[in-house]
Amino acid sequence: MTKMSPLLERNEQFAAAYTPGPLGPPAAQVVIVTCLDHRVDPASIFGLQLGDAVVIRNTGGRVTPAVIDDIAYLAFLAGQLFSGVVAAEGLFEVAVVHHTQCGTGFLADPGFRQQAAEATGQPEAALEAAAVADPYTTVKADVEHLLAAPSLSPKVSVSGHVYDIATGRLTTTVDARYP
Ligand SMILES: [Zn+2]
């Protein structure tokens, strides 16, 4: 028995009723970038089914160089594989979703940040930059950052949203636009 045991049982039930689908563009034509917080699961909060959307998650849901690289590759892949299927004017929309009560918010405190830097080996400046103390501010900054990335395909639009842990409601704070 490990902590995975009950999840493996659930997977058995899942596999018993499973039907595989072909590789295709995500049905919702959306790529979601959000926090790894287990209270912010896109499948639950957006009612996603298998094949609906690509989800990229990291601490805070920040637009890091790794996220930008992933999106550039996804756009390339979509253009190569699905050019006859996806709309000519756009491949997909990237929805950047930050949330209230984010655990990275503690990093705004200098003492906490210093301890975190010692424990993780990450530079304090990097931890400070990663903090989501005010999701409305950081999501706007990250949308602009992604739109300004040279590797972002002109066929990819970007929008910004804040998810409220207290209400379960998503608020769009930056409307979708192309670079
Ligand atoms: Zn978070």
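In case you missed it, the structure is sitting above this.
Residues numbered from 1 in each chain as written. Predicted model: local features only at pLDDT ≥ 70, side-chain atom pairs only at ≥ 80, totals over all residues. Heavy atoms only, no water.

Q: Outline the coordination of the zinc ion, listing residues and values.
A: The reference angle at a metal is 109.5 degrees if four donors form a tetrahedron and 90 or 180 degrees if six donors form an octahedron. The coordination sphere of the zinc ion contains the protein donors C35 (SG), H99 (NE2) and C102 (SG), at a distance range of 2.0 to 2.3 Å. Between consecutive donor residues of the zinc ion, the sequence gaps follow C-x63-H-x2-C. Residue classification places H99 among the buried positions, given a relative accessible area of 1%. You can call C102 buried: its relative accessible area is 7%. (Donors = N, O, S within 2.8 Å, 3.2 Å for Na, K, Ca; no water. Buried < 20%, exposed > 50% of the residue type's maximum accessible area, 1.4 Å probe, protein only.)

Q: Account for the layout of surface pockets, with residues named and values stated.
A: Roughly 440 Å³ of volume is contained in the largest pocket. Looking at the largest pocket, it is lined by 22 residues, and the ones nearest its centre are L23, G24, P25, P26 and G51. Looking at the lining of the largest pocket, the elements with two or more residues in it are β2 (53-58) and α3 (65-81). The dominant element in the lining of the largest pocket, judged by the number of residues it contributes, is α3, at 3 residues. By volume, the second largest pocket amounts to about 230 Å³. Lining the second largest pocket are 14 residues; nearest its centre among them are T59, L107, Q122, L127 and A130. Split into classes, the residues belonging to the lining of the second largest pocket amount to 6 nonpolar, 7 polar and 1 charged. (1 Å grid on protein atoms, 1.4 Å probe; cavity = no way out; pocket = protein on both sides within 12 Å on 5 of 7 lines; lining within 4 Å. Points joined across faces, edges and corners; volume = space filled by probe spheres on them. Helix = DSSP H or I, 4+ residues; strand = E, 2+ residues; numbered from the N terminus. Nonpolar A, V, L, I, M, F, W, Y, C, P; charged D, E, K, R; others polar.)

Q: Can you lay out the nonpolar core for me, pointing to particular residues and giving the numbers?
A: By size, the foremost hydrophobic cluster in this structure holds 24 residues, and its most contacted members are I71, F92, V94, V96, L146, L152 and V158. Listing elements by their share of this core, those giving two or more residues are β1 (30-35), α3, β3 (92-99), α6 (135-147) and β4 (156-163). Setting aside residues no more than four positions away along its own chain, I71 makes contact with V33, I56, F92, V94, L146 and L152. Formed by 6 residues, the second largest nonpolar core is a distinct cluster that contains L48, V97, Y163 and I165. (Core = buried A, V, L, I, M, F, W, Y, C linked by side-chain atoms within 4.5 Å. Contact = heavy atoms within 4.5 Å.)

Q: Explain α6 to me, using residue names and the numbers behind them.
A: The terminal C-alpha atoms of α6 lie 18 Å apart, and with 13 residues this matches the ideal 18 Å at 1.5 Å per residue to within 8%. Where α6 is concerned, the buried positions are P135, T138, V139, D142, V143, L146 and L147. The buried residues of α6 all sit within an arc of 165° when viewed along its axis, so they share a single face. Where α6 is buried, its residues touch α3, β3, β4 and β5 (170-177). Capping of α6 at its N-terminal end is provided by D134; its side-chain oxygen lies 3.1 Å from the backbone amide nitrogen of Y136. (Expected span 1.5 Å × (residues − 1). Arc of directions from axis to C-beta. Polar contact = N/O pair within 3.5 Å; in protein donor to acceptor, adjacent residues only side chain to side chain.)

Q: Can you lay out the pattern of salt bridges for me, pointing to particular residues and giving the numbers?
A: Once the charged atoms of two side chains with opposite charge are near each other, the side chains can pair. Taken as a whole and assessed by the stated rule, the structure comprises 5 salt bridges. The salt bridge partner of R62 is D142, with a shortest N-O separation of 2.8 Å. Taken together, the residues R62 in the loop between β2 and α3 and D142 in helix α6 connect sequence positions 80 residues apart. With relative accessibility at 11%, the residue R62 sits in the buried group. Between R177 and E144 there is a salt bridge, with the nearest N and O atoms lying 2.8 Å from each other. Of this pair, R177 sits in strand β5 while E144 sits in helix α6, and the two are 33 residues apart along the sequence. With a relative accessible area of 37%, R177 lands in the partly exposed category. Given the relative accessible area of 30%, E144 is considered partly exposed. (Salt bridge = Lys/Arg side-chain N within 4 Å of Asp/Glu carboxyl O.)

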